[in-house]
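The chain contents come next:
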Amino acid sequence: MDNGVFEETTSGTPQGGVISPLLANIALHGMETVILKAYRWKEGKPQFVRYADDFVVFHPTEEGVKKAQTVLETWLADIGLELKPSKTKITHTLREYQGTRGFDFLGWTIRQFPVGKTHTGRANQNTPPLGFKTIITPSKEAVHHHTTELGEVVKKNLHVSQGQLIKELNPKIHGWTNYHRTVVAAKTFQNCEHILFQQLQQWAKRRHPHKGRHWRADKYWHVDEGNGWTFTDQRSKLWTHSLTHIQRHVKVKGQASPYDGNLLYWSKRLSKHYMFSGTLGKLLQKQDRKCRWCGLLFQDGDMVEIDHITPKSFGGGEELSNKCVLHNHCHDQRHAKRDHGAYDKGHTTEEPCAEKSASTVLKPSERG
């Protein structure tokens, strides 16, 4: 569909289409099983990581990695696919190999660095120190692409208001930093923030070439108000990179899936997600991940709400003990009972929840 006009596709899928990752997962399903079966116990089992059509194979020996490449080339040939030479390479994450160390994957650079006893990594608690530590950082290419994109946005919005420029920049900064917040990115965030600051300085200078630096700083950053260098027009504020805090990712256990029926595991995992680290996460834990009205565990796709047990109109406060989490439809049922004078009867013995708040949708993508 292009500009409302449908054109029949004779082959392939649209570039960047949402169906492409799904088709890649379907076509490449079973690749990890083939890799594991190809190795004997004495050779050591490889580690396999795949995201759609991008994947990495780890093995302690060079021969093991080359064997994986041969196995995959044979397996892919059977389904009409092949490895792209320009995107396929063998490297070492700790020592130099063919002039390089580490590799880039999904916008990150994965490397290992030799360290002392106090900082060394371990395979697990019962194994001896490895003598190195694995560090994952945003790749140089990803940083360059991001800062360039921000610079283009600033240049294209030379004549718009400061508030409109902030509105254009904030989603891009939010999205990029949220993606990289799970790795070692604090220093990278500071560098990106510094580059953006310089870009905004040039933006202000081009808008007011005959004004002094102090005048521009006070107009757009309000330095005379004593709040530091905050790019704001009083109504909206720029979300700088360092405002996104690092949040380590916890790997999903084994073959667990949001659709495997293990609601207890996923509800516990959800309560620890960074989106629910505040009031919602505390209430989910307090209520044992169950809706306060119907008593059922929250599931994928449920719309949930935080409400007051005692309405503020009746003197209820904002303390945690006066709040609860409900399904969206359960909240409506409680209000319907209140309208008929039978609020909460037959369900909880608590006081009624009121003061309807914004809904949150529980999604699998927020759990992995």
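Further up the page is the structure itself.
Here we summarise the structure given alongside this text.

So, how was this worked out
Residues numbered from 1 in each chain as written. Predicted model: local features only at pLDDT ≥ 70, side-chain atom pairs only at ≥ 80, totals over all residues. Heavy atoms only, no water. Axes fitted to C-alpha atoms, helices over the stretch in contact; angles between N-to-C directions. Helix = DSSP H or I, 4+ residues; strand = E, 2+ residues; numbered from the N terminus. Parallel < 35°, antiparallel > 145°, perpendicular 65-115°, else oblique. Contact = heavy atoms within 4.5 Å. Buried < 20%, exposed > 50% of the residue type's maximum accessible area, 1.4 Å probe, protein only. Pairing = 2+ DSSP bridges. Salt bridge = Lys/Arg side-chain N within 4 Å of Asp/Glu carboxyl O.

### Notes on the packing of helix α4 (residues 140–156) against helix α5 (residues 162–180)
Between α4 and α5, the least distance of the axes is 10 Å, while the angle of their chain directions is 170 degrees. Taken together, the axes of α4 and α5 are roughly antiparallel relative to one another. Residues Ala142, Val143, His146, Glu149, Leu150, Val153 and Val154 of α4 lie in contact with α5, whose contacting residues are Leu165, Glu168, Leu169, Lys172, Ile173, Trp176 and His180.

### Concerning the pairing of strand β7 (residues 323–327)
Of all the five residues making up β7, five are buried; the element is thus mostly covered by neighbouring parts of the structure. What you see with β7 is no split at all: Lys323, Val325 and His327 on one side and Cys324 and Leu326 on the other are buried throughout. Sheet topology places strand β6 (residues 303–308) next to β7; five bridges connect them, and they run antiparallel. When the sheet's bridge partners are listed, Ile306 is paired in β7 with Val325.

### Observations regarding unusual backbone geometry
Within the chain, Gln98 stands out as a residue other than glycine whose phi angle is a positive 55 degrees. Position of Gln98 among the secondary structure elements: in the loop between α3 (62–77) and β3 (103–105). Assessed through its relative accessible area of 67%, Gln98 is described here as exposed. The residue His222 is not glycine, and still its phi comes out positive at about 55 degrees. Residue classification places His222 among the buried positions, given a relative accessible area of 12%.

### Notes on the pattern of salt bridges
Applying the stated rule across the entire model yields five salt bridges. Measuring nitrogen to oxygen at the nearest pair gives 3.6 Å for the salt bridge that ties Asp233 to Arg235. Looking at Asp233, the relative accessible area reads 16%, which means it is buried. A relative accessible area of 74% places Arg235 in the exposed class. Across the salt bridge formed by Lys323 and Glu318, the nearest N and O atoms sit 3.1 Å from each other.

### Description of the sheet that holds strand β5 (residues 132–138)
Taken together, three strands build an open sheet; the order of strands is β3-β4-β5 and the sheet is antiparallel. Both outer strands of the open sheet, β3 and β5, are each paired with one neighbouring strand and no more. Averaged over all pairs of adjacent strands, the angle between their axes in this sheet comes to 30 degrees, without regard to strand direction.

Such coordinate-based values are descriptive only and should not be taken to indicate function.
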